[in-house]
Amino acid sequence: MDRVRTGIKGLDEMLDGGFLPQTANLVEGAPGTGKTTLGMQFIYKGITDFGEPGLILTFEQDTQQYYHDAANFGWDLKRLVREGALRIIRSSPEVTLADLEHVGGQIELAARDLGARRILVDSLSHFECLASDPVAYRRVVYGFINGLKREGLVSILTRESPALLGEPGDDDQEDVAFVVDSYLLLRYVEIASVVHRALLVLKLRGSDHAKDIRRFEITEKGLVVRDKFEGQEGLMSGTPHSMVRAFEKAFVEKRR
Ligand SMILES: Nc1ncnc2c1ncn2[C@@H]1O[C@H](COP(=O)(O)OP(=O)(O)OP(=O)(O)O)[C@@H](O)[C@H]1O
Ligand SMILES: [Mg+2]
């Protein structure tokens, strides 16, 4: 089957080649774990390595921040915008939702204009203010995701998780894991008093994927996924174990 490669070293291998076409892919992690970097890299590589134009939809940072952060990794987003391969849209959750419900909305027009194939939504957490309860929130996110799929886009949706180490977020948040096609977790892991970054693919609908926890680094060229944490379990303060346990509890057991 066709794969949408992220172009991120080590990650495509974990995803058995990449994301599936027209899917919504959740990237969750504590502040500073690298969610925005991963998403920007997906968009940047999509354009420069695979010739797939992309969109960045943001509710938080001003667009200058993206240009600045990307430039740190040597990614010239301004040039891509000038060349018509990238558009950065700054909006609010309200406007975005209304936008996708109508023909000819901002995202639809931008996607058609550019021939966009990929979108980064940074971040999904902002939709929480639109819903008064978990059921409503899930409905909102579901509608949003379907809107993106209708535009033929593969999306990366970032989401902040409150826990710095260990257990994933609360029940309301986990709920969204059911409506996305894949779920990637970024975590800080402590080994012998040193904090590392770890990545885990919790779910990839319709495909096999790596089940282990891999170390990753943010380098001057962006995110690089390294080796497994295997063999070091004895050294860990139980965190990776509890990550997998918490996931099983939240996700697998609920599903049964
Ligand atoms: N040029 C660089 N070289 C190495 N590491 C960098 C570089 N630029 C940023 N970083 C690292 O990336 C981290 C921020 O990544 P990013 O903004 O992607 O995180 P995030 O998960 O989106 O955070 P937030 O929850 O605040 O939005 C920083 O904490 C920093 O350690
Ligand atoms: Mg961010």
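Residues numbered from 1 in each chain as written. Chains lettered and ligands numbered in written order. Predicted model: local features only at pLDDT ≥ 70, side-chain atom pairs only at ≥ 80, totals over all residues. Heavy atoms only, no water.

**Topic: the overall build of the protein**
And step 1. Secondary structure summary: the protein contains 9 helices and 9 strands in total.
And step 2. Within the protein, the proportion of its 256 residues that are buried is 57%.
And step 3. Here the analysis covers contacts within the protein between residues at least 6 apart in sequence; of these, 69% occur between residues at least 24 apart.
And step 4. Here the protein displays about 11,200 Å² of accessible surface, and carbon together with sulfur accounts for 49% of that area. (Helix = DSSP H or I, 4+ residues; strand = E, 2+ residues; numbered from the N terminus. Buried < 20%, exposed > 50% of the residue type's maximum accessible area, 1.4 Å probe, protein only. Contact = heavy atoms within 4.5 Å. Areas by Shrake-Rupley, 256 points an atom, 1.4 Å probe, with all protein chains shown as cover.)

**A closer look at the environment of G74**
And step 1. Structurally, the position occupied by G74 is in the loop between α3 (63-72) and α4 (77-82).
And step 2. Classification of G74 by relative accessible area gives exposed; the value is 56%.
And step 3. With 147 residues separating them along the chain, G74 and K221 place their C-alpha atoms 6.7 Å apart.

**Points about the site of ligand 1**
And step 1. Taken together, 13 residues sit near ligand 1, with G32, G34, K35, T36 and T37 positioned nearest.
And step 2. Between G34 and ligand 1, the recorded distance is 3.0 Å, taken from a backbone N or O atom to an oxygen atom.
And step 3. R197 is positioned with one of its side-chain polar atoms (N or O) 3.3 Å from an oxygen atom of ligand 1.
And step 4. Here ligand 1, which alone exposes 640 Å², has 65% of that area covered by the protein.
And step 5. Take the shell around ligand 1: its biggest share by element is 3 residues, from helix α2 (residues 35-48).
And step 6. Here the shell around ligand 1 is composed, by residue class, of 4 nonpolar, 7 polar and 2 charged. (Near = heavy atom within 4 Å. Polar contact = N/O pair within 3.5 Å; in protein donor to acceptor, adjacent residues only side chain to side chain. Nonpolar A, V, L, I, M, F, W, Y, C, P; charged D, E, K, R; others polar.)

**Things to note about the packing of helix α5 (residues 93-101) against helix α7 (residues 134-150)**
And step 1. Across the interface, α5 lies against α7 with an axial gap of 9 Å and an inter-helix angle of 50°. Comparing the axis directions of α5 and α7 gives the class oblique. Two packed elements cross with a definite hand, and for α5 against α7 that hand is left-handed. Between α5 and α7, the residues in contact are T96, L97 and L100 and V140, F144, G147, L148 and R150, respectively.
And step 2. Looking at the contact of α5 with α7, its residues break down into 5 nonpolar, 2 polar and 1 charged. (Axes fitted to C-alpha atoms, helices over the stretch in contact; angles between N-to-C directions. Parallel < 35°, antiparallel > 145°, perpendicular 65-115°, else oblique. Left-handed = near helix turned anticlockwise from the far one by under 90°.)

**Examining the sheet that holds strand β3 (residues 86-90)**
And step 1. The strand order across the open sheet built from 9 strands is β3-β2-β4-β5-β1-β6-β7-β8-β9, with neighbouring strands paired in mixed fashion. The open sheet terminates on both sides in strands that have one partner only, identified here as β3 and β9 (222-228). Taking each pair of neighbouring strands and ignoring which way they run, the sheet shows an average axis angle of 25°.
And step 2. In the packing of helix α6 (residues 106-114) onto the sheet, contacts are made with β2 (54-58), β3 and β4 (118-122), and the angle to β3 comes to roughly 170°. (Pairing = 2+ DSSP bridges.)

**Notes on the pattern of salt bridges**
And step 1. Across all of its chains, the model carries 17 salt bridges by this definition.
And step 2. The shortest N-O distance in the salt bridge between R214 and E13 comes to 3.4 Å. Placement of the pair is R214 in strand β8 (residues 214-219) and E13 in helix α1 (residues 11-14), with a sequence separation of 201 residues.
And step 3. When its relative accessible area of 10% is taken as the criterion, R214 is described as buried. (Salt bridge = Lys/Arg side-chain N within 4 Å of Asp/Glu carboxyl O.)

**Some words on unusual backbone geometry**
And step 1. In the segment running from D122 into S123, the intervening peptide bond is cis, with an omega of 5°.
And step 2. Note that S123 resides in the loop between β4 and α7.
And step 3. Phi is positive for D16, close to 60°, though the residue is something other than glycine.

**Some points on the packing of aromatic side chains**
And step 1. Taken as a whole, this structure holds 5 aromatic pairs when the rule is applied.
And step 2. Taking 5.6 Å as the distance between ring centres and 20° as the angle between the ring planes, the aromatic pair formed by Y44 and W75 counts as stacked. Here Y44, found in helix α2, pairs with W75, found in the loop between α3 and α4; they are 31 residues apart in sequence, far enough to count as distant.
And step 3. Take W75: its relative accessible area is 4%, and that puts it in the buried class.
And step 4. When the ring of F59 is compared with that of F127, the centres are 5.4 Å apart and the planes differ by 85°; the resulting orientation is edge-to-face. Of this pair, F59 sits in the loop between β2 and α3 while F127 sits in the loop between β4 and α7, and the two are 68 residues apart along the sequence.
And step 5. Among the aromatic residues, those joined into a ring-pair cluster are Y44, F73 and W75.
And step 6. Residue placement shows K78 over the ring face of Y67; its charged tip is 5.2 Å from the ring centre. (Phe/Tyr/Trp six-rings, centres within 6.5 Å; stacked < 30°, edge-to-face > 60°. Lys NZ or Arg CZ within 6 Å of the ring centre and 35° of its normal.)

**Quick word on the side chain of S91**
And step 1. By the element assignment, S91 lies in the loop between β3 and α5.
And step 2. Note on S91: relative accessible area 12%, which makes it buried.
And step 3. For S91, the contacting residues outside a window of four places in its chain are L57, T58, F59, T96 and Q106.

What is shown is where atoms sit, not what they do.
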